[in-house]
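# A look at the structure
The residues making up each chain are set out below.
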Amino acid sequence: EQTVATMMAFEQLCFEDRPDMVVVVGDVNATVACSLVAAKLQIPVAHVEAGLRSGDRRMPEEINRILTDQLSDLLFTTSRDAGSNLEREGIEPAKIHFTGNVMVDSLMKNLQQLDCAAVSARVLGTEQIGRPYGVLTLHRPSNVDQPELLEGWIDAFESIAKRLPLICPLHPRTGKQLEAFGMEARFSKAVTVIPPLGYLDFIALMQGAKLVITDSGGLQEETTVLGVPCLTIRENTERPVTIHHGTNQLVGLSPERLTILANQVLDSGHSEYGRPELWDGKAAGRIVDVLERFVESREPWVQ
């Protein structure tokens, strides 16, 4: 229903505004909905963050990525492995442009303007200033829809929190499942639960963390740039560059393994991490250069 509603509204918008190009980002339902409408109306489509693949078609995002990339005229990739994925799927190399990561652009620009210590004090309370902590985010169905596994995660969080307090901005979906399974009290005892945070507050919180535990996609990238160790509680990742060149480790769906890896991170202390190629805060400029050349070479759309 969400995808169809987006398509209907966006089609009307295209007839009203007559865009020369439609630029879509990421892998949400609106990404594939708007791409499909534009392709049917013969409007060129550019996909920012193209070519990411987890290999798991049980994830709705994976379907959205694959379909959007097949419909796109320009594909902007964040890493070289993403370009290889696209070529394997038959995308013409001339359509693929390795530009870097706009999420990194956003992160670096905002960090320059942000007093992270002040934000963290406001979010966590002044009594937490100077105290080490970890950040936890959890929302995927694979982690929160099965009571046995969710209980196992809580066991692991409880064990890790004995060494490092965990702060969890609680996702509404996770809160709903914890309530349904009668696990709210136990979860709140294991970790410090706070309301969901806005982008700026969250990146400030994350920058000060000793460890991030997550099942998110974007956090794998942001922790890599921030140099914060990240443990991803998923069986796969569409961002392998964060494992090969960053701070990320893939845990799988094993609470026992999470506990082991968390203890290893805490035992090892700070390490120097690299940053993936072209994750330099200049991706948007490269994308705009390609878009300008493409649009200037085409006739305006007439329907």
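Residues numbered from 1 in each chain as written. Predicted model: local features only at pLDDT ≥ 70, side-chain atom pairs only at ≥ 80, totals over all residues. Heavy atoms only, no water.

## Some remarks on the packing of aromatic side chains
For clarity, the threshold we go by: In summary, the pairing rule links any two rings of Phe, Tyr or Trp, Trp by its six-membered ring, whose centres are within 6.5 Å, and it sorts them by plane angle into stacked for under 30 degrees, edge-to-face for over 60 and tilted for everything else. Helix numbering and strand numbering both begin at the N terminus, where a helix is a DSSP run of H or I of at least 4 residues and a strand a DSSP run of E of at least 2. The classification of residues rests on relative accessible area computed with a 1.4 Å probe and restricted to protein chains. Under 20% of the type maximum is buried, over 50% is exposed, and intermediate values are partly exposed.
In this structure the tally under the stated criterion is 2 aromatic pairs. When the centroid spacing of 6.5 Å and the interplanar angle of 15 degrees are considered together, the rings of W153 and F157 count as stacked. One end of the pair, W153, and the other, F157, are both in helix 8 (residues 147–161), 4 residues apart, so they sit about a helical turn from each other. Exposure class is identical for W153 and F157. Each is buried. Between the aromatic rings of F157 and F187, the centroid separation amounts to 6.4 Å while the plane-to-plane angle is 80 degrees, which identifies the pairing as edge-to-face. A residue pair is termed long-range when its members are at least 10 positions apart, and F157 in helix 8 and F187 in helix 10 (residues 184–190) qualify at 30 residues. For the pair F157 and F187, one class covers both residues: buried. Members of the aromatic cluster, each reached through a chain of ring pairs, are W153, F157 and F187.

## Points about the packing of helix 8 against helix 14 (residues 255–268)
For clarity, the cut-off: What counts as an axis is a line fitted to C-alpha atoms, over the stretch in contact for a helix, and the angles between N-to-C directions run from 0 to 180 degrees. Angle categories: roughly parallel below 35 degrees, roughly antiparallel above 145, roughly perpendicular from 65 to 115, and oblique for all the rest. Each crossing is labelled by how the near helix is turned from the far one, with a counterclockwise turn of less than a right angle marking it left-handed and a clockwise turn marking it right-handed. Contacts between residues were defined by any pair of non-hydrogen atoms, one from each residue, lying within 4.5 Å.
Between helix 8 and helix 14, the least distance of the axes is 8 Å, while the angle of their chain directions is 20 degrees. Here helix 8 lies roughly parallel to helix 14, going by the angle between them. Crossing of helix 8 against helix 14: the hand is right-handed. Of helix 14, the residues touching helix 8 (which contributes L149, G152, W153, A156, F157, S159 and I160) are P255, L258, T259 and A262.

## Brief notes about the packing of helix 5 (residues 102–112) against helix 12 (residues 218–226)
In a packed pair of helices, the relevant descriptors are the angle between the two axes and the axis-to-axis distance. Just so we agree on the cut-off: Amino acids outside the nonpolar list (Ala, Val, Leu, Ile, Met, Phe, Trp, Tyr, Cys, Pro) and the charged list (Asp, Glu, Lys, Arg) are all regarded as polar, and Gly is one of them.
The contact between helix 5 and helix 12 brings their axes to 10 Å, and the two run at 50 degrees. The angle between the axes of helix 5 and helix 12 places the two elements in the oblique class. Considering the relative orientation of helix 5 and helix 12, their crossing is right-handed. Contact with helix 5, carried on its side by M103, V104, L107, M108 and L111, involves G218, E221, E222, V225 and L226 of helix 12 and no other residues of that element. For the contact of helix 5 with helix 12, the per-class residue count stands at 7 nonpolar, 1 polar and 2 charged.

## Overview of the sheet that holds strand 2 (residues 45–50)
We apply this condition: Here a strand pair is declared whenever DSSP counts at least two bridges between the two strands.
Spatially, 1-2-3-4 is the arrangement adopted by the 4 strands of the open sheet, whose pairing is parallel. The open sheet is flanked by strand 1 (22–25) and strand 4 (96–98), the only strands paired with a single partner. Averaged over all adjacent pairs, the angle separating strand axes in this sheet is 20 degrees, with direction ignored. Pairing analysis gives 4 bridges linking strand 2 to strand 3 (residues 74–77), with the strands arranged parallel. Residue pairing for strand 3: A50 is matched across the bridge by T77. Where helix 2 (residues 29–40) meets the sheet, it contacts strand 1 and strand 2, and its direction lies at approximately 160 degrees from that of strand 1.

## Looking at the side chain of D201
Position of D201 relative to the elements: it lies in helix 11 (residues 199–207). Not counting chain neighbours up to four residues away, the residues in contact with D201 comprise V119, R122 and V123.

## Some points on the side chain of N236
Definition in use: For this analysis, a polar contact is any N or O atom pair within 3.5 Å, provided that within protein one partner can donate a hydrogen and the other can accept it, and provided that sequence-adjacent residues contribute only side-chain to side-chain pairs.
Its place among the elements puts N236 in the loop between strand 9 (230–232) and helix 13 (241–244). Of note is the side chain of N236, whose polar atom sits 3.2 Å from the side chain of D56. For N236, the contacting residues outside a window of four places in its chain are S54, D56, M59 and L250.

## Describing the pairing of strand 8 (residues 211–214)
We apply this condition: A crossover counts as right-handed when, viewed with the strands pointing away from the observer, the path leading from the first strand over the helix to the second turns clockwise.
The two faces of strand 8 match: L211 and I213 on one face and V212 and T214 on the other face are all buried. One ladder, built from 3 bridges, connects strand 5 (residues 134–136) with strand 8; its direction is parallel. Counterpart to L136 in the pairing with strand 8 is I213. In this view, the connection linking strand 8 to its parallel neighbour strand 9 by way of helix 12 has right-handed handedness.

## Some remarks on unusual backbone geometry
One non-glycine residue, Q42, lies in the positive phi region at around 65 degrees. Summarising the element assignment, Q42 is placed in the loop between helix 2 and strand 2. The backbone phi angle of L278 is positive, close to 65 degrees, even though this residue is not glycine. Take L278: it is sitting in the loop between helix 14 and helix 15 (283–296). L278 sits in the partly exposed class, given a relative accessible area of 26%.

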